[in-house]
Amino acid sequence: MDRNTGIKVYLAAVLGAVTTGFSFLGAKTALSYGTPLESLFFRFAAGFLFAAVLVGTKTVKTDFRGKKLGPLLIPALLYSGGFFGFQFFGLMYASSVEAGIIMAVQPAVTMIMAELTIKEKPNAAQRICVVVAILAAAFISAYGSGNVEADIRGIILISLSALSMAGNVVYIRWIRNDYNPAEISFVSCALGFAIYTAVILVQGTVNGTLGETFGLMKNPGFLIAILYLGAACTMLTTLINSYMMKYLEAVRVSVFGCAGTIITLTAGHFILGEELGAARIICSAVILAAVIGTNYFGEKKNEQT
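Residues numbered from 1 in each chain as written. Predicted model: local features only at pLDDT ≥ 70, side-chain atom pairs only at ≥ 80, totals over all residues. Heavy atoms only, no water.

Draft legend 1. Quick look at the overall build of the protein chain. When its secondary structure is counted, the protein chain shows 13 helices and 0 strands. Evaluated residue by residue, the protein chain yields a buried proportion of 48% over its 305 residues. A sequence separation of at least 24 residues applies to 91% of the contacts in the protein chain between residues at least 6 apart. Summed over its atoms, the accessible surface of the protein chain is roughly 14,700 Å², and 68% of this surface lies on carbon and sulfur atoms. (Helix = DSSP H or I, 4+ residues; strand = E, 2+ residues; numbered from the N terminus. Buried < 20%, exposed > 50% of the residue type's maximum accessible area, 1.4 Å probe, protein only. Contact = heavy atoms within 4.5 Å. Areas by Shrake-Rupley, 256 points an atom, 1.4 Å probe, with all protein chains shown as cover.)

Draft legend 2. Geometry of helix 1 (residues 3-21). Spanning 19 residues, helix 1 covers 27 Å between terminal C-alpha atoms, matching the ideal 27 Å at 1.5 Å per step. Those residues of helix 1 not exposed but buried are Thr5, Gly6, Val9, Ala12, Ala13, Gly16, Ala17, Thr19 and Gly21. (Expected span 1.5 Å × (residues − 1).)

Draft legend 3. Inspection of the packing of aromatic side chains at higher detail. Per the counting criterion, the structure on display carries 11 aromatic pairs. Between Tyr171 and Trp174, the ring centres sit 5.5 Å apart and the planes meet at 70°, which makes this aromatic pair edge-to-face. Taken together, the residues Tyr171 and Trp174, both in helix 8 (residues 152-175) and 3 residues apart, mark about one turn of the helix. Counting every residue linked through ring pairs, the aromatic cluster contains Tyr33, Phe41, Phe42, Phe214 and Phe222. (Phe/Tyr/Trp six-rings, centres within 6.5 Å; stacked < 30°, edge-to-face > 60°.)

Draft legend 4. Main features of the packing of helix 2 (residues 23-31) against helix 11 (residues 220-247). The geometry of helix 2 relative to helix 11 is characterised by a closest axis approach of 8 Å and an angle of 140° between their N-to-C directions. Viewed along their axes, helix 2 and helix 11 adopt a mutual orientation that is oblique. Note on packing geometry: the crossing formed by helix 2 with helix 11 is left-handed. Seen from helix 2, the contacting residues are Ser23, Gly26, Ala27, Thr29 and Ala30; seen from helix 11, they are Gly221, Phe222, Ala225, Ile226, Tyr228, Leu229 and Cys233. Here the contact of helix 2 with helix 11 is composed, by residue class, of 8 nonpolar, 4 polar and no charged. (Axes fitted to C-alpha atoms, helices over the stretch in contact; angles between N-to-C directions. Parallel < 35°, antiparallel > 145°, perpendicular 65-115°, else oblique. Left-handed = near helix turned anticlockwise from the far one by under 90°. Nonpolar A, V, L, I, M, F, W, Y, C, P; charged D, E, K, R; others polar.)

Draft legend 5. Quick look at the environment of Ala27. With respect to the element layout, Ala27 can be found in helix 2. For Ala27, a relative accessible area of 27% translates into the label partly exposed. The spatial distance from the C-alpha of Ala27 to the C-alpha of Tyr228 is 9.4 Å, given a sequence separation of 201 residues.

Draft legend 6. Representation of the side chain of Glu38 within the structure. Residue placement: Glu38 occurs in helix 3 (residues 36-56). Buried and unpaired, Glu38 has no salt bridge, with Lys218 as the nearest side chain of opposite charge at 13 Å. Within polar-contact distance, the side chain of Glu38 engages the backbone nitrogen of Thr35 at 2.9 Å. (Lys, Arg positive; Asp, Glu negative; His and termini not counted. Salt bridge = Lys/Arg side-chain N within 4 Å of Asp/Glu carboxyl O. Polar contact = N/O pair within 3.5 Å; in protein donor to acceptor, adjacent residues only side chain to side chain.)

Draft legend 7. A look at the packing of helix 3 against helix 9 (residues 181-207). Their axes nearest at 8 Å, the elements helix 3 and helix 9 cross at an angle of 145°. The hand of the helix 3/helix 9 crossing is left-handed. Counting all contacts with helix 3, which are made through Leu37, Glu38, Leu40, Phe41, Phe44, Ala45, Gly47, Phe48, Ala51, Ala52 and Val55, the residues of helix 9 involved are Phe186, Ser188, Cys189, Ala190, Gly192, Phe193, Tyr196, Thr197, Val199, Ile200 and Gln203. Residues of the contact of helix 3 with helix 9, tallied by class, amount to 16 nonpolar, 5 polar and 1 charged.

Draft legend 8. Up close: the nonpolar core. Counting 39 residues, the largest nonpolar core has Leu72, Ile175, Ile184, Met244, Ile287 and Val291 as its most contacted members. Put simply, the parts of the chain that give this core at least two residues each are helix 1, helix 4 (70-90), helix 7 (124-142), helix 8, helix 9, helix 11, helix 12 (250-272) and helix 13 (277-304). The element contributing the most residues to this core is helix 12, with 8 residues. Apart from residues no more than four positions distant in its own chain, Val291 is found in contact with Val255, Phe256 and Ala259. Phe83, Leu216, Phe222 and Cys233 belong to the second-largest nonpolar core, a separate cluster that totals 24 residues. (Core = buried A, V, L, I, M, F, W, Y, C linked by side-chain atoms within 4.5 Å.)

Draft legend 9. Local environment of a nonpolar patch on the surface. A cluster of nonpolar side chains, namely Phe86, Ile152, Ile156, Leu160 and Leu163, defines an oily patch on the protein surface of about 420 Å² accessible area. Tallying contributions element by element places helix 8 first for the nonpolar patch, with 4 residues. Looking at the secondary structure, you find Leu160 in helix 8. (Patch = residues over 30% accessible without salt bridge, like charges linked within 9 Å, V, L, I, M, F, W, Y side chains within 5 Å.)

Draft legend 10. Region of the structure containing the side chain of Ser254. Along the chain, Ser254 turns up in helix 12. Given the relative accessible area of 5%, Ser254 is considered buried. For Ser254, the contacting residues outside a window of four places in its chain are Gln106, Pro107 and Thr110.

See below:
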């Protein structure tokens, strides 16, 4: 990876972390109007619409001629169905604290999975940085939470969500030379749209709630939140992550997810007035240092090979 490409990749990584970090604001806003399933349906509808516009205007280039679509269904299912689906049902039984702690472990799962499947070999310094980032992110999730009663159903489902995301990262690294980031992102958004449209139509028909569901579009606050979640947090971040995976090892891509925690805390403090505290500030600094360290030592390793 040359210097110019490296700058673009890391700028994309920062943009992805910032976008993801603000996603909780959009999610909270959307959930104040509708159910989680309705939010997922509109989120992927907006994401697919945005993806179609980008592809239709050739802002991003896709070319499926001579390419099999089958392999692209796997990351699409892992992302839209596995990651979001298990997370949705898991949060019905698990607290956000439990979910935050479990999801913080995802970089380690990704690292192990990448070693076993695509033979990526993080060095000792990278492993230490990943563990440090996980511990700091887990502490932030648990900090000030008090006692939490664990529900095994929630723990299993959130764990499956984290496993799906780890599998998605590793699989995209494996197929990165066969499909470009735009092709991977477009199919992921399209399949997610198809899945949640089918679910919401069946549910709405059975319960007679389709009118109420589509009536959510009359609320400007809901529409703004959904457009952000769909266009920025779904299509754009999928495109960014796929682009990063073309050039960076799975563990280096995954650990950037911890950086989003810093943005989430900052946004919560300045926008929602949530407590920040010295401990969280220190942990945020530790996460940032660990993310930088993971990538710095990754570059050193590549220079030596």
